[in-house]
Amino acid sequence: GAGVSQSPSNKVTEKGKDVELRCDPISGHTALYWYRQRLGQGLEFLIYFQGNSAPDKSGLPSDRFSAERTGESVSTLTIQRTQQEDSAVYLCASSRLRGGIYNEQFFGPGTRLTVL
Amino acid sequence: GDSVTQMEGPVTLSEEAFLTINCTYTATGYPSLFWYVQYPGEGLQLLLKATKADDKGSNKGFEATYRKETTSFHLEKGSVQVSDSAVYFCALSGLTGGGNKLTFGTGTQLKVEL
């Protein structure tokens, strides 16, 4: 079956512009996660969605970052008024609930964001 | 909060050499531990995992044992191949409101030469 897909694969934008990044999780996966990987650093958790519950936004670095998810499908991560420090690879992952425990997270290929 | 520390790279080895990539963690409770691998030009893939103390995860000749007493999850392989060249990430997950967000180390790049 299809894996996690993300679009666009690359995005170059000017400082101050807004960007939207999209993630299509694996069908049937109730949990969806966004991470950020800045150059030379590990992945940082941003936000996760679990079914229809309120999302865990504890990793969002500022109020310029927001994300939405409709039901158990597509998610959009929006960055407003982009700054150069937002340049990174943004990774989406999904997982399913099994026996009350979320298991392996499957990652998408990522969106490489460059803010000029 | 939770954290993962892994050895810095790059690690350069000759083919058939023994590999160890150290990983230690700090976490409350009993997290699950993972090694993810990112091959050049590809996305992150789960390599192996262990969900409780003394469990050994293994895959593709790689092994790692969950050591609670030393809070470690070192990755080992007895004989590396050129095709193992990749970046390896150690990670842990702790239950957070029912989910299991991953906390990653900074990654260790492995280069295997003929």
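This write-up is about the structure you can find in this document. Bear in mind that the values here come from a model prediction, so they are computed numbers and not experimental data.

Reading guide: rules and limits
- Residues numbered from 1 in each chain as written.
- Chains lettered and ligands numbered in written order.
- Predicted model: local features only at pLDDT ≥ 70, side-chain atom pairs only at ≥ 80, totals over all residues.
- Heavy atoms only, no water.
- Contact = heavy atoms within 4.5 Å.
- Buried area = accessible area lost by both parts, 1.4 Å probe.
- Salt bridge = Lys/Arg side-chain N within 4 Å of Asp/Glu carboxyl O.
- Polar contact = N/O pair within 3.5 Å; in protein donor to acceptor, adjacent residues only side chain to side chain.
- Helix = DSSP H or I, 4+ residues; strand = E, 2+ residues; numbered from the N terminus.
- Nonpolar A, V, L, I, M, F, W, Y, C, P; charged D, E, K, R; others polar.
- 1 Å grid on protein atoms, 1.4 Å probe; cavity = no way out; pocket = protein on both sides within 12 Å on 5 of 7 lines; lining within 4 Å.
- Points joined across faces, edges and corners; volume = space filled by probe spheres on them.

**Describing the interface of chain A and chain B**
Consideration 1: Across the boundary between the two partners, chain A contributes 19 residues, which contact 18 residues of chain B.
Consideration 2: Of the roughly 1500 Å² buried at the junction of chain A and chain B (both faces included), carbon and sulfur atoms supply 54%.
Consideration 3: Inspection of the region where chain A meets chain B yields zero salt bridges.
Consideration 4: Taken together, the links from chain A to chain B amount to two residue pairs in polar contact (both at pLDDT 80 or more).
Consideration 5: When contributions to the side of chain A that touches chain B are tallied by element, the ones reaching two or more residues are β4 (31-37), β5 (43-50) and β10 (101-102) of chain A.
Consideration 6: Taken together, the residues that form the side of chain A that touches chain B break down as nine nonpolar, eight polar and two charged.

**Here we look at the layout of surface pockets**
Consideration 1: By volume, the largest pocket amounts to about 770 Å³.
Consideration 2: In terms of lining, the largest pocket is formed by 34 residues, of which the most central are Gln37, Leu39 and Arg112 of chain A together with Gln38 and Val87 of chain B.
Consideration 3: Those elements giving two or more residues to the lining of the largest pocket turn out to be β8 (88-95) and β12 (111-115) of chain A together with β10 (86-93) and β12 (108-113) of chain B.
Consideration 4: Per element, the largest residue contribution to the lining of the largest pocket is four residues, and it comes from β12 of chain A.
Consideration 5: Taken together, the residues of the lining of the largest pocket break down into 13 nonpolar, 17 polar and four charged.

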